[in-house]
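Understanding the architecture of this molecule
What follows is the residue order along each chain.
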Amino acid sequence: MNKVTLGILALLAAAVVCFAPMGASLDAAGAEISHEGVDYFKVSTSEDFKVKYTLSEQDEGRTISYSAKVVNKAGETQSNAVSPSTGSMTSGVERTLTVTAPKTAGNYTLVVDFELKKGDDDVKKESARYDFKAVNPIKLTVNLKADDITLNLEEFGVYFYVDGEKMEDSYTTVTLSRDGTGSISYDWIADPAYGSTHTYYVEAVGAADVIKGLGEVHTFYANDNDYSMVIAIAFIILIVLIIMAIWIYRKPIKNFGKPKSRR
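Residues numbered from 1 in each chain as written. Predicted model: local features only at pLDDT ≥ 70, side-chain atom pairs only at ≥ 80, totals over all residues. Heavy atoms only, no water.

Residues Ser83 and Pro84 are joined by a peptide bond in cis, for which omega reads -10 degrees. Assignment of secondary structure puts Pro84 in the loop between β5 (82-83) and β6 (86-89). A positive phi is found at Asp163, a non-glycine position, where the angle reads about 55 degrees. Note that Asp163 resides in the loop between β11 (156-162) and β12 (165-166). By relative accessible area, which is 42% here, Asp163 ends up partly exposed. (Helix = DSSP H or I, 4+ residues; strand = E, 2+ residues; numbered from the N terminus. Buried < 20%, exposed > 50% of the residue type's maximum accessible area, 1.4 Å probe, protein only.)

What follows is the structure in structure tokens.
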């Protein structure tokens, strides 16, 4: 019985060796789209995407071309959203595509269609997709005031902290007015959950203990600021109400005359 068991295990081990993929370091065949960082971008800004197509052994010798576009949830193509939008590729070699997020916040998809040709009649097609989101920046503002306006505080540097994390791209210099007051703002590019609670505060790079507003924690709620749909619905309702009012006003009043007296 032990010999039979050992024989079965030997056969399984041999099968694993035979069917194991050769050259594990080689890239898998097919289409790839990649992007470094988060999958949400400020509206109307550009990001670089890496696109690659690796031919399989059966498709070696085929030429590779691509066509790229950005579509919204309805499948509508966004104009001038990808550059270069068409071109040729070499198997296994990355190509950089610059994608511009649409000016309207929402969910979008980068679609890249690949065409593999071997002669005029032998053509294969394949597509790859990458979902991303265009977001409106969340404006964070802090008001500052110097206790002693006689101090030389014309300019000093500060950073914003959101949820306790230092925003490295938020560094700015602050200039206070003659009465010692001023304000600073930061556009936070993020995709927080609807209604979620967040905090932010500002800290000076140097010592600025005499400035009120530094280090004070502010709380805000992430809400959807895109009211375009609400405005559209309200406008439609308003038009319907106006039409109904006109119809009621112009509706003819029927005169049925005096009721006949009973005999």
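Here the narrative resumes.
Looking now at the sheet that holds strand β10 (residues 138-146). The strand order across the open sheet formed by 3 strands is β14-β10-β16, and the pairing between neighbours is antiparallel. At either end of the open sheet lies a strand with only one pairing partner, and these are β14 (181-188) and β16 (211-212). Bridge count between β10 and β14: 8 bridges; the pairing is antiparallel. Bridged to Asn143 within β14 is Ser183. (Pairing = 2+ DSSP bridges.)

This next bit is on a nonpolar patch on the surface. Taken together, the side chains of Ile236, Ile237, Val240, Leu241, Met244, Trp247 and Ile248 present a nonpolar region at the surface, about 740 Å² in accessible area. Topologically, Leu241 is positioned in helix α2 (residues 228-250). (Patch = residues over 30% accessible without salt bridge, like charges linked within 9 Å, V, L, I, M, F, W, Y side chains within 5 Å. Areas by Shrake-Rupley, 256 points an atom, 1.4 Å probe, with all protein chains shown as cover. Salt bridge = Lys/Arg side-chain N within 4 Å of Asp/Glu carboxyl O.)

Attention now moves to the sheet that holds strand β3 (residues 46-54). Sheet architecture is open: 4 strands sit in the order β1-β3-β7-β5, paired in antiparallel fashion. The open sheet has two free edges, formed respectively by β1 (30-34) and β5, since each of these has just one partner strand. Bridging between β5 and strand β7 (residues 95-100) involves 2 bridges; their strand directions are antiparallel. Counted as the bridge partner of Val82 is Val99 from β7.

Counted according to the given criterion, the structure contains 5 salt bridges. A salt bridge links Arg62 to Asp122; its shortest N-O distance comes to 2.9 Å. One end of the pair, Arg62, is in the loop between β3 and β4 (63-72); the other, Asp122, is in strand β9 (residues 122-135), with 60 residues separating them in the sequence. Of the residues examined, Asp122 reaches a relative accessible area of 33% and is grouped as partly exposed. Bridged by salt links that share partners, the residues Asp59, Arg62, Asp122 and Lys124 form one connected network.

It is worth spelling out the side chain of Ser196 at this point. Mapped onto the secondary structure, Ser196 falls in the loop between β14 and β15 (197-204). Note on Ser196: relative accessible area 19%, which makes it buried.

With that settled, the discussion passes to the nonpolar core. By size, the foremost hydrophobic cluster in this structure holds 26 residues, and its most contacted members are Ile33, Val70, Val82, Leu110, Val112 and Phe114. When sequence neighbours within four positions are dropped, the list of residues in contact with Ile33 reads Phe49, Lys50, Val51, Leu110, Val112, Ala128, Arg129 and Tyr130. Counting residues in each nonpolar core, the second largest holds 21 residues, with Leu144, Val174, Val202 and Ile211 among its members. (Core = buried A, V, L, I, M, F, W, Y, C linked by side-chain atoms within 4.5 Å. Contact = heavy atoms within 4.5 Å.)

Applying the stated criterion to the full structure yields 12 aromatic pairs. With a centroid separation of 5.4 Å and an interplanar angle of 35 degrees, the aromatic rings of Phe41 and Phe132 are classed as tilted. Of the two residues, Phe41 sits in strand β2 (residues 40-42) while Phe132 sits in strand β9, which places them 91 residues apart along the sequence. Its relative accessible area of 4% is what places Phe41 among the buried residues. Taking relative accessible area as the criterion, Phe132 reaches 4% and is therefore assigned buried. Plain terms: the ring middles of Tyr161 and Tyr201 are 5.0 Å apart, the flat faces sit at 5 degrees to each other, and that makes the pair stacked. With Tyr161 in strand β11 and Tyr201 in strand β15, the pair connects residues that are 40 residues apart, well separated along the chain. By relative accessible area, which is 18% here, Tyr201 ends up buried. Cluster of aromatic residues (ring-pair linked, three or more members): Phe41, Phe49, Tyr108, Tyr130 and Phe132. Just above the ring of Tyr159 sits the side chain of Lys166; from NZ or CZ to the centre is 4.0 Å. (Phe/Tyr/Trp six-rings, centres within 6.5 Å; stacked < 30°, edge-to-face > 60°. Lys NZ or Arg CZ within 6 Å of the ring centre and 35° of its normal.)

The next subject is the side chain of Ser170. Inspection of the secondary structure assignment puts Ser170 in the loop between β12 and β13 (172-174). Of the polar contacts made by the side chain of Ser170, one reaches the backbone nitrogen of Phe160; its length is 2.9 Å. Excluding anything up to four places from it in sequence, Ser170 contacts Val158, Tyr159, Phe160 and Tyr186. (Polar contact = N/O pair within 3.5 Å; in protein donor to acceptor, adjacent residues only side chain to side chain.)

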